[in-house]
Amino acid sequence: MKSKAIKAVIGTALLGTIAALPATALAQEEETESYVYGTYYYCDPMKEEAADAFVAEKLKPVYDKAVADGTINAWGWLAHHTGGKWRRVLYTAADSVDALLDSGDSLRASVMKAAADDTRLVAACKMHEDYIWASNNVGGGGEERGPAGFSVYYECDQGDEARADEIVKE
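Residues numbered from 1 in each chain as written. Predicted model: local features only at pLDDT ≥ 70, side-chain atom pairs only at ≥ 80, totals over all residues. Heavy atoms only, no water.

**Student:** What exactly am I supposed to notice about the overall build of the protein here?
**Tutor:** Counting its secondary structure elements, the protein contains 7 helices and 4 strands. The helix and strand sequence of the protein, counted from the amino end, reads α-α-α-β-α-β-β-α-α-β-α. Relative to its 170 residues, the protein shows a buried fraction of 35%. Counted over contacts in the protein with a minimum sequence separation of 6, partners at least 24 positions apart contribute 78%. For the protein, the computed accessible surface area is about 10400 Å², with 55% contributed by carbon and sulfur atoms. (Helix = DSSP H or I, 4+ residues; strand = E, 2+ residues; numbered from the N terminus. Buried < 20%, exposed > 50% of the residue type's maximum accessible area, 1.4 Å probe, protein only. Contact = heavy atoms within 4.5 Å. Areas by Shrake-Rupley, 256 points an atom, 1.4 Å probe, with all protein chains shown as cover.)

This is the structure:
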């Protein structure tokens, strides 16, 4: 059973920011843009509780402070439920790619200061992949969202991405 702290982190995660936009966000008149940096971790299922504890104890204070001081807009730690080979996702969100990339340097420095000798995450999750996602019509996190979201990943021809965006907006 996961700790209450990690349930709170997972329960408040904004998975919808990554790919699945709620209907209320799509209906907004003012378009805003948000960028999400996602690190998809490939973890040993037998060691995931240790990784979750590391995030709750070491990362949560650092990332919560970064949200409070405006370095990032949001962050979350997502647990795998169905499909794919990744088991955990750590994400951060910001209003621009530059802000997102700049935040990475300060977050890494703060994490190293807070957890330099703690190897639970790297022991549990030996590989990862990083992605940056851009999403139109997503506000600064004020929309009410459910405790979970469903993501569908599409492989698109870059030449037709504008048409795919049109279809989603319709």
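On we go from here.
**Student:** Any chance you could explain the packing of helix α4 (residues 48-68) against helix α5 (residues 97-115) here in plain terms?
**Tutor:** The description of two helices packed together rests on the angle between their axes and the distance between the axes. Between α4 and α5, the shortest axis-to-axis distance is 10 Å and the interhelical angle comes to 140 degrees. With respect to α5, the axis of α4 lies oblique. You can see that α4 and α5 cross each other, and the crossing is right-handed. Residues F54, K58, L59, V62, Y63 and A66 of α4 touch α5, and the partners they reach there are L107, S110, V111, A114 and A115. Grouping the amino acids of the contact of α4 with α5 by side-chain chemistry returns 9 nonpolar, 1 polar and 1 charged. (Axes fitted to C-alpha atoms, helices over the stretch in contact; angles between N-to-C directions. Parallel < 35°, antiparallel > 145°, perpendicular 65-115°, else oblique. Left-handed = near helix turned anticlockwise from the far one by under 90°. Nonpolar A, V, L, I, M, F, W, Y, C, P; charged D, E, K, R; others polar.)

**Student:** Hey, could you run me through the pairing of strand β2 (residues 74-79) in this one?
**Tutor:** On any regular strand, side chains alternate: one points to one face of the sheet, the next to the other face. Among the 6 residues of β2, 5 are classified as buried, and the element is accordingly described as predominantly covered. With 6 bridges joining them, β2 and strand β3 (residues 88-94) adopt antiparallel strand pairing. Along β3, the bridge assignment pairs G76 with Y91. (Pairing = 2+ DSSP bridges.)

**Student:** Explain α5 to me, please; I cannot follow it from the model alone.
**Tutor:** Since the α-helix advances by 3.6 residues per turn, residues separated by three or four positions end up pointing in the same direction. Along its 19 residues, α5 runs 26 Å from first to last C-alpha, staying within 8% of the 27 Å computed at 1.5 Å per residue. Buried residues of α5: L100, S103, G104, L107, V111 and A115, and no others. (Expected span 1.5 Å × (residues − 1).)

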